Structure formats: C-alpha cells, structure tokens
Amino acid sequence: AMDLRGRRPAPAELDAVERDPDQYAALVEQWLHSPDLLERVKDVYDEALLVRREDYRDESRDETSAIYGEALELIAYIVDHDRPFTEIGTADYTVANPLFQRDVRRMPYPMEPVAGDAWQPTHYTDGRPHAGLLSTSAFYEVWDTNNTNVNRRRANRWSIVFHCYNFLDTPVDVTRDVDNNDSGAVLSAVTTRSDCKACHDRLDPMASFLFPMDDAYGIE
C-alpha cells in the first residue's frame, strides 16, 4: 500500500487479509488500477527530477503546474497506458494539455495542438529529436547550465533518474588547491587529476550529449 499509493492500508483491508490471505493479491490489483498509483509514480519520480514549481500568483498556479509537470505526466501516461517503461527514455512523443500549451511566454516551443483537458501524446515541431524525458522542455528550464558547468548538473540529474546514481554522493577526497575562477586550471584538473577524474571521466561524456539542447533553447 505504501509503495503503490503512498499511504498505509486501511484497518478494513488489514482485517480482510487476516481473514483470507488470498485477499492480498486482490488488494494489490486494486491499488495498481487506482488513481493513487499515478500520483505516487509522479511523487517518486519528482524526488529524482525535482521539476515541480509553484507560482506565487493564484492566477498562474495551474499554468505553472502544467508547465513543470510535463516530464512527470509523461511517466504517468506511460504507466497508465501500460506502455514499456523504457519509453521514459525512448518515447517518440511527449504529452501536453491545453494549460501547458497556453503560456507561450514561458513555454514558447512549437508543438502539435491538443484538445480536451487531459494530458495526451503530442510532438514538438521545433526539430528536436524525441527521446522520452530527455526531450521535455521544462527539465532544461529548471536545470539550466552555463559555460562553466557545461551541462554537468543536467547530466547528473539524468544519472539519478536513469541509473539511480548521484555523482554528488561519490566518496572522493578532493584537495582544495585548484583555482575555480581559472577556467584553464579547472579544465586541467578535471582531465588530469585522479581525484577529479574519478567523477568527470564518467559524468562529462554524458554531459557532452546534451549540448544540442543548448542550441534548441538558445543558450549561448
């Protein structure tokens, strides 16, 4: 019950299983088809993606929830429609609802229009390749980058999502004799020093694949 719907079983459910252990399988099946499951899936994956945002203006809260919900709603759609879960990284579509498409100021990327209130499959028409979560716009808005970070924190976030590995948890004893204000010194350190290379030899290649998204989002 905690895994599938995020709350403890009710006393009546515990009593039913105590009377008849075969009821357990029936309860699990019931929870698997409950709306609570989809909310639980979104909650769990937002612990990795951290894309949910709130707007202090009441009139913008629904739009904000929609804009930053794209990746989580894509996962929920895949689960709800019993799609192969690998589609979180391979789907040749995204999902949207009218609220998501309405705020062209914050989400100006063209896509096929949708109808109705529900989140539904659609496609971006700005030339980006579709690759499940990797192509969702809000992720790159939340996890931005610059000429120093060069996509590393984006890559680490994808590592957390797809590999359940956070590079920031790596037990590395890093000395403090590198001038982080000197880009040349930093580049030399991450490519030559063993304490830096322990992470960067794995993280930087992943980050390098994200540079085309910089072009898509107009990052200089």
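The structure displayed is predicted, hence computed values, not measured ones. (Residues numbered from 1 in each chain as written. Predicted model: local features only at pLDDT ≥ 70, side-chain atom pairs only at ≥ 80, totals over all residues. Heavy atoms only, no water.)

Visitor: Tell me about the nonpolar core, and name the residues and values.
Guide: Counting residues in each nonpolar core, the largest one holds 43 residues, and the members touching the most others are Leu49, Phe100, Leu133 and Trp158. Of all the elements in the fold, those that place two or more residues in this core are α4 (35-49), α5 (61-67), α6 (70-80), β1 (94-96), α9 (137-142), α10 (152-163) and α12 (194-208). Top element by residues in this core is α6. It accounts for six residues. For leucine 49, the residues in contact, after removing those within four places along its chain, are Ala71, Leu72, Ile75, Phe139, Trp143, Arg157, Trp158 and Val161. (Core = buried A, V, L, I, M, F, W, Y, C linked by side-chain atoms within 4.5 Å. Buried < 20%, exposed > 50% of the residue type's maximum accessible area, 1.4 Å probe, protein only. Helix = DSSP H or I, 4+ residues; strand = E, 2+ residues; numbered from the N terminus. Contact = heavy atoms within 4.5 Å.)

Visitor: Give me the packing of aromatic side chains: which residues, what numbers.
Guide: Within this structure, the stated rule accounts for eight aromatic pairs. Measuring from centroid to centroid gives 5.1 Å for phenylalanine 139 and tyrosine 140, while their planes differ by 85°, and the two rings are edge-to-face. A relative accessible area of 3% means that tyrosine 140 is categorised as buried. Aromatic pair tryptophan 158 and phenylalanine 162: ring centres 5.7 Å apart, planes at 40°, arrangement tilted. Of this pair, tryptophan 158 and phenylalanine 162 both sit in helix α10, four residues apart, which is roughly one turn of the helix. We classify phenylalanine 162 as partly exposed; its relative accessible area is 31%. Of the aromatic side chains, those joined through ring pairs into one cluster are Phe139, Tyr140, Trp158 and Phe162. Positioned above the aromatic ring of tyrosine 109 is the side chain of arginine 128, whose terminal nitrogen or guanidinium carbon lies 5.5 Å from the ring centre. A cation over a ring is seen here: arginine 128 above tyrosine 124, with NZ or CZ 3.6 Å from the ring centre. (Phe/Tyr/Trp six-rings, centres within 6.5 Å; stacked < 30°, edge-to-face > 60°. Lys NZ or Arg CZ within 6 Å of the ring centre and 35° of its normal.)

Visitor: Could you give me a rundown of the pattern of salt bridges, with the residues and numbers involved?
Guide: Working definition: two side chains of opposite charge can pair if their charged atoms are close together. Within the structure shown, the criterion is met by 14 salt bridges. Ionic pairing is found between aspartate 126 and arginine 128, a salt bridge with its closest N-O pair at 2.7 Å. With a relative accessible area of 7%, arginine 128 lands in the buried category. Residues participating in the shared-partner salt-bridge network are Glu39, Lys42 and Glu73. (Salt bridge = Lys/Arg side-chain N within 4 Å of Asp/Glu carboxyl O.)

Visitor: Explain the state of the cysteines to me, using residue names and the numbers behind them.
Guide: Taken as a whole and assessed by the stated rule, the structure comprises zero disulfides. For cysteine 196, which is in no disulfide, the shortest distance to another cysteine sulfur is to cysteine 199 and amounts to 8.9 Å. By relative accessible area, which is 12% here, cysteine 196 ends up buried. (Disulfide = S-S within 2.5 Å.)

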